[in-house]
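If you want the building blocks of each chain, they are given just below.
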Amino acid sequence: MMKTCSLCQTEMPERYNYCYQCGEHVGETTALPVDVDPQVAETQRRQEWVIQYGCLTLIIVWTIFGLWFFFNMNR
Ligand SMILES: [Zn+2]
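Computed from a predicted model, the values in this text were never measured in an experiment.

Cut-off values and rules
- Residues numbered from 1 in each chain as written.
- Predicted model: local features only at pLDDT ≥ 70, side-chain atom pairs only at ≥ 80, totals over all residues.
- Helix = DSSP H or I, 4+ residues; strand = E, 2+ residues; numbered from the N terminus.
- Buried ≥ 20, exposed ≤ 12 C-beta atoms within 10 Å, placed from the backbone.
- Contact = placed C-beta atoms within 7 Å.
- Domains from an automatic or database assignment.
- Expected span 1.5 Å × (residues − 1).

1. Some words on the overall build of the chain
Phase 1 of the analysis: Looking only at helices and strands, one finds 1 helix and 2 strands in the chain.
Phase 2 of the analysis: In sequence order, the chain lays out its α and β elements as β-β-α.
Phase 3 of the analysis: Dimensions of the chain along its principal axes, counting C-alpha atoms only, are 80 × 30 × 15 Å.
Phase 4 of the analysis: Across the 75 residues that make up the chain, the buried fraction comes to 1%.
Phase 5 of the analysis: Of all intrachain contacts in the chain linking residues separated by at least 6 positions in sequence, the fraction that spans at least 24 positions is 3%.

2. Some details on the domain arrangement of the chain
Interfaces are often described in size by the accessible area the parts lose on coming together.
Phase 1 of the analysis: Domains assigned within the chain are domain 1 (1-34) and domain 2 (35-75).
Phase 2 of the analysis: For domain 1 versus domain 2, the separation of C-alpha centres amounts to 42 Å.

3. Describing helix 1 (residues 38-73)
Phase 1 of the analysis: A rise of 1.5 Å per residue sets the reference length of helix 1, with its 36 residues, at 52 Å; its end C-alpha atoms lie 51 Å apart and thus fit the reference within 8%.
Phase 2 of the analysis: Burial analysis of helix 1 places just 0 of its 36 residues in the buried class, which makes it a mostly uncovered element.

4. Here's the deal with unusual backbone geometry
With glycine set apart, most residues show a phi of negative sign, and most peptide bonds adopt trans.
Phase 1 of the analysis: The backbone of Gln-9 shows a phi angle near 60°, a positive value even though the residue is not glycine.
Phase 2 of the analysis: With respect to the element layout, Gln-9 can be found in the loop between strand 1 (2-4) and strand 2 (11-13).

5. Quick look at the environment of Gln-39
Phase 1 of the analysis: Within the secondary structure layout, Gln-39 lies in helix 1.
Phase 2 of the analysis: Sequence-wise, Gln-39 and Ser-6 are 33 residues apart; in three dimensions their C-alpha atoms are separated by 34 Å.

6. Focus: the environment of Asp-35
Phase 1 of the analysis: Structurally, Asp-35 is set in the loop between strand 2 and helix 1.
Phase 2 of the analysis: Each C-alpha atom, one on Asp-35 and one on Arg-15, is 18 Å from the other, the two residues being 20 residues apart in sequence.

Next comes the structure, spelled out in structure tokens:
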């Protein structure tokens with residue numbers, strides 16, 4: 001699959017975003033999806049939320065347990 005520059009008509013591989021002859025933008029690589037399905041985006045956002053707050057919860061629980069262990073250790 002080749003791309004053609006709109007200015008100088010140079011053909012280049014699909015992975016190029018810019019023409020290597022004149023520097024003209026020839027479009028994003030098709031490997032990256034341009035428009036993401038809103039449902040997929042929503043799922044990804046929810047997954048990110050779960051990961052972020054999951055880590056935060058883990059850190060808080062870990063800190064509380066650490067303090068609990070520290071105070072009980074000295075008895
Ligand atoms: Zn060009």
